[in-house]
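# Results of the structural survey
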Amino acid sequence: MRTHHSDLFHRHKFNPILTAAHWPYPVNSVFNAGATLLRDGTTLLLCRVEDRRGLSHFCAARSVNGVDQWQIDSLPTMMADPEHYPEELWGIEDPRLTYVSELNKYAIVYTAYSRDGPGVALAFTEDFQQFERFGVIMPPEDKDAALLPHRIDGQWAVIHRPVSGPRAHMWISYSPDLHNWGAHKLMLEARRGAWWDATKIGLSSPPIETPEGWLMIYHGVRQTAAGCLYRLGLALFDLQNPERCLKRGDEWIFGPQEPYEQQGDVANVVFPCGHTVAPDGDTVRMYYGAADTSIALATGSVRSMLVWLEQQSRTPSIET
Ligand code: BMA
């Protein structure tokens with residue numbers, strides 16, 4: 001039986017699970033959260049919080065079941081630091097978390113926003129209280145980035161999305177020391193024309209390592225007369241050479257359909273920056289920003305995503 005894309009992720013009935021109304025201090029909106037499972041099984045979301053000036057910072061929310069009863073830090077957890085890092089003048093956005101066992105730390109790859117546009121910045125933390133900044137690792141205009149959890153042939157790897165022309169593609173870059181980045185390679189191209197992922201694509205949550213390859217959820221932006229439409233698709237990349245795409249779905253798997261996704265500060269946006277994978281190695285909880293206003297949860301399965309990609313890649317893709 002074929003897996004239909006609408007079966008891949010199921011929205012939680014409590015959605016949206018986190019909104020500005022939950023916050024212990026006045027904020028405009030909470031969305032685009034990085035996610036991780038802490039050692040004790042607690043889910044930690046590092047939420048992008050937009051204040052009432054329009055600038056964003058990060059605030060941690062923790063929950064034992066990953067669904068409700070969130071304990072939210074009473075003050076911002078990580079603020080922009082424009083005095084020492086001028087590239088953070090207009091705030092920090094869209095954190096993606098990766099646990100790096102070699103360092104025993106979490107990497108936070110985020111957007112640092114300033115007069116020159118958005119760039120990619122890297123920081124590390126052990127406890128989500130103290131943060132060690134490495135500064136900008138990809139200059140503007142670049143965003144939608146995450147670190148892979150371990151070295152490949154001795155090199156660290158960051159996936160990112162520079163904008164350099166009319167279309168914006170995903171790239172991967174390598175580093176021996178997390179400071180010096182090079183060996184830039186094109187990873188996945190935006191399609192063209194009427195396609196759902198034409199013109200602009202970007203990484204959603206960090207890729208999931210599976211025996212078949214790096215499983216990636218990415219977003220595609222369709223520009224319409226009524227504005228942009230952000231939807232999600234899947235691709236699979238070679239474990240040893242992650243710039244090599246093995247499979248790419250033609251259809252999107254998840255798009256704005258509920259009122260909290262279709263209405264808000266930016267209409268028609270689903271934008272995951274994080275997920276957790278349960279100890280069963282299969283159950284994925286995808287935490288996504290809904291309409292740049294709130295955080296919602298949808299649950300899926302690694303196995304089902306891989307099966308769906310296999311089915312899609314048997315259908316010959318037409319020229320894009
Ligand atoms: C992207 C990012 C996200 C945002 C999305 C929709 O370019 O800036 O932070 O959620 O646009 O507005």
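In case you missed it, the structure is sitting above this.
These figures come from a predicted structure and were not determined experimentally.

Before going further, it helps to spend a moment on the sheet that holds strand 9 (residues 132–138). The strand order across the open sheet formed by four strands is 6-7-8-9, and the pairing between neighbours is antiparallel. The sheet terminates laterally at strand 6 (92–100) and strand 9, the two strands that pair on one side only. Each strand of the sheet is rotated relative to its neighbour by a mean of 25 degrees, with strand direction disregarded. With seven bridges joining them, strand 6 and strand 7 (residues 105–114) adopt antiparallel strand pairing. The partner of Leu97 across the bridge, within strand 7, is Ile108.

Time to look at unusual backbone geometry. Leaving glycine aside, a negative phi is the common case for residues, and trans is the common case for peptide bonds. Looking along the chain, the bond that leaves Asn15 and enters Pro16 is cis, with omega of -10 degrees. By secondary structure assignment, the location of Pro16 is in the loop between strand 1 (10–11) and strand 2 (29–37). A cis amide bond, omega -5 degrees, links Pro140 with the succeeding residue Glu141. Looking at the element boundaries, Glu141 is found in the loop between strand 9 and strand 10 (142–147). Positive phi outside glycine occurs at Asp144, with the angle close to 55 degrees. By the element assignment, Asp144 lies in strand 10. In this structure Asp144 comes out as buried when scored by relative accessible area, which is 2%.

Once that is clear, we can look at the site of the ligand. In the vicinity of the ligand, the contacting residues are Asn32, Arg48, Asp94, Lys143, Tyr230, Val266, Val269, Phe271 and Asp292. Here an oxygen atom of the ligand and a side-chain polar atom of Asp94 are 2.6 Å apart. In this structure, Lys143 approaches the ligand through a side-chain N or O atom, which is 3.1 Å from an oxygen atom. Relative to its unbound accessible area of 300 Å², the ligand is 85% covered by the protein chains. Each residue belonging to the shell around the ligand can be placed in one class, and the counts come to four nonpolar, one polar and four charged.

To continue, consider the nonpolar core. Membership of the largest hydrophobic core comes to 23 residues, with the highest contact counts inside it found for Phe9, Phe254 and Tyr288. Mapped by element, the contributors of at least two residues to this core are strand 16 (213–224), strand 17 (227–237), strand 20 (283–290), strand 21 (294–301) and helix 2 (302–314). Per-element accounting of this core gives the leading share, five residues, to helix 2. Excluding its chain neighbours within four sequence positions, the residues that come into contact with Phe254 are Phe9, Arg11, Arg231, Leu232, Glu261, Val270, Met286, Tyr288 and Ala298. Ranked by size, the runner-up nonpolar core spans 21 residues in total, among them Met170, Ile172, Trp195 and Ile201.

What follows concerns the side chain of Arg248. As for its placement among the helices and strands, Arg248 is situated in strand 18 (residues 245–248). A polar contact of 2.8 Å, which involves the side chain of Arg248, links it to the backbone oxygen of Glu189. For Arg248, the side chain forms a polar contact with the side chain of Asp197, separated by 3.0 Å. Setting aside anything within four residues of it in sequence, one finds Arg248 in contact with Leu188, Glu189, Ala190, Arg191, Asp197, Ile201, Tyr218, Leu234, Ala235 and Leu309.

How each quantity is defined
- Residues numbered from 1 in each chain as written.
- Predicted model: local features only at pLDDT ≥ 70, side-chain atom pairs only at ≥ 80, totals over all residues.
- Heavy atoms only, no water.
- Pairing = 2+ DSSP bridges.
- Helix = DSSP H or I, 4+ residues; strand = E, 2+ residues; numbered from the N terminus.
- Axes fitted to C-alpha atoms, helices over the stretch in contact; angles between N-to-C directions.
- Buried < 20%, exposed > 50% of the residue type's maximum accessible area, 1.4 Å probe, protein only.
- Near = heavy atom within 4 Å.
- Polar contact = N/O pair within 3.5 Å; in protein donor to acceptor, adjacent residues only side chain to side chain.
- Areas by Shrake-Rupley, 256 points an atom, 1.4 Å probe, with all protein chains shown as cover.
- Nonpolar A, V, L, I, M, F, W, Y, C, P; charged D, E, K, R; others polar.
- Core = buried A, V, L, I, M, F, W, Y, C linked by side-chain atoms within 4.5 Å.
- Contact = heavy atoms within 4.5 Å.

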